[in-house]
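Examining the three-dimensional arrangement
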Amino acid sequence: SLRWLQMDGTYQQLYQRWFNDRQAQLTRQIRQLIRLLVGTSVLAAVIIIGGLYWNRLLQQEVNKKTLQLRLVNASLEEQIRETKNNQQFKEQILDSSPRALITCDKDGVITSINNVAMEFLGLATRPVGRHYSTFPLFCELLADSFAAVIHSGKRYLGREMTTAIQTGAKQPATKTVDLRYYIYPLYDFEQQIIGIILSFEDITEEKKLRASLFEQEKNRTLNQLVAGIAHEIRNPLTSIKTFAELLPQKAHLPAFQQAMA
């Protein structure tokens, strides 16, 4: 019966109806699934490759930013070191000066002061940030010159002043000193006046030495003058003495008498 079914085509019809279409459909589904899997794989591969590439780009950018940050940090550290070195160098220059040095800003606030000025005022700590008017000596030195220096750039060079200062922290005492001071403007890198520089030194001993030298020079000149006068007086006296000694011997001679007359 199966043979007759195959011979008359019934089997083929049944197979085509019930199996061949399902196989073709299954084949199509498998192919679609394969295409889907292939497409998904390709997309996944693209995504993975893109992610890796993007990650590489991000890593390069991070490395670049990290390097830039390190360079910036190194530059900042170098600038900080240079600033500290410059500040220490300035302080060393200020403290190495034999003169008292003080700088103030345009408002009169003290911005720097060296050890000589601190010792001169009897201070243990630097009065940076305080106004110069809190110190009577600075008031006396800058009373008539601060505004002129700030507004017009005027300079006060080599001026002298006699003043009284307080010495001693435990037992204050008044001491009169002679000062030579200099006041001139402080400029920034744009040559704009940003404050003043006050420099002064104690010239009390110098004035005493100068007065002593002046006295010595005066005495030396007086001695020279006296010696010259004595010499000028001695010359005629010598002639008078000589003729006086000759009087007893030649007084009777008419020629001598005429010369003496």
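Note: the structure precedes this text.
Keep in mind that what you see is a predicted model, and the values were worked out from it rather than measured. (Residues numbered from 1 in each chain as written. Predicted model: local features only at pLDDT ≥ 70, side-chain atom pairs only at ≥ 80, totals over all residues. Heavy atoms only, no water.)

**Section: unusual backbone geometry**
- Unlike most non-glycine residues, Gln-191 shows phi in positive territory, near 60°.
- Among the secondary structure elements, Gln-191 is positioned in the loop between strand S4 (173–187) and strand S5 (193–202).
- According to the relative accessible area criterion, Gln-191 is exposed, its value standing at 56%. (Helix = DSSP H or I, 4+ residues; strand = E, 2+ residues; numbered from the N terminus. Buried < 20%, exposed > 50% of the residue type's maximum accessible area, 1.4 Å probe, protein only.)

**Some points on the pattern of salt bridges**
- All told, the structure shown has nine salt bridges when counted by the stated rule.
- A salt bridge links Arg-220 to Glu-217, with the nearest nitrogen and oxygen atoms 2.5 Å apart. Of this pair, Arg-220 and Glu-217 both sit in helix H6 (residues 204–250), three residues apart, which is roughly one turn of the helix.
- Using a relative accessible area of 41% as the deciding quantity, one classes Arg-220 as partly exposed.
- A residue is classified by how much of its surface remains accessible, and Glu-217, at 42% relative accessible area, is partly exposed.
- In this structure, a network of salt bridges that share partners links the residues Arg-99, Glu-160, Arg-180, Glu-201, Glu-206 and Arg-210. (Salt bridge = Lys/Arg side-chain N within 4 Å of Asp/Glu carboxyl O.)

**Remarks on the packing of aromatic side chains**
- Applying the stated criterion across every chain, the model contains four aromatic pairs.
- Note on Phe-120 and Phe-200: the rings are 5.2 Å apart at their centroids and 75° apart in plane angle, and the pair reads as edge-to-face. Pair noted here: Phe-120 is in helix H3 (residues 115–121) and Phe-200 is in strand S5, with a separation of 80 residues, a long-range link. In terms of burial, Phe-120 and Phe-200 fall into one category: buried.
- Connected via pairs of aromatic rings, a cluster forms that spans Phe-120, Phe-135, Phe-138 and Phe-200. (Phe/Tyr/Trp six-rings, centres within 6.5 Å; stacked < 30°, edge-to-face > 60°.)

**Quick word on the side chain of Ser-145**
- By secondary structure assignment, the location of Ser-145 is in the loop between helix H4 (136–142) and helix H5 (146–152).
- In terms of polar contacts, Ser-145 uses its side chain to reach the backbone carbonyl oxygen of Leu-141, at 3.3 Å.
- In this structure, Ser-145 is in contact with Tyr-156 and Ile-183, ignoring residues within four places of it in sequence. (Polar contact = N/O pair within 3.5 Å; in protein donor to acceptor, adjacent residues only side chain to side chain. Contact = heavy atoms within 4.5 Å.)

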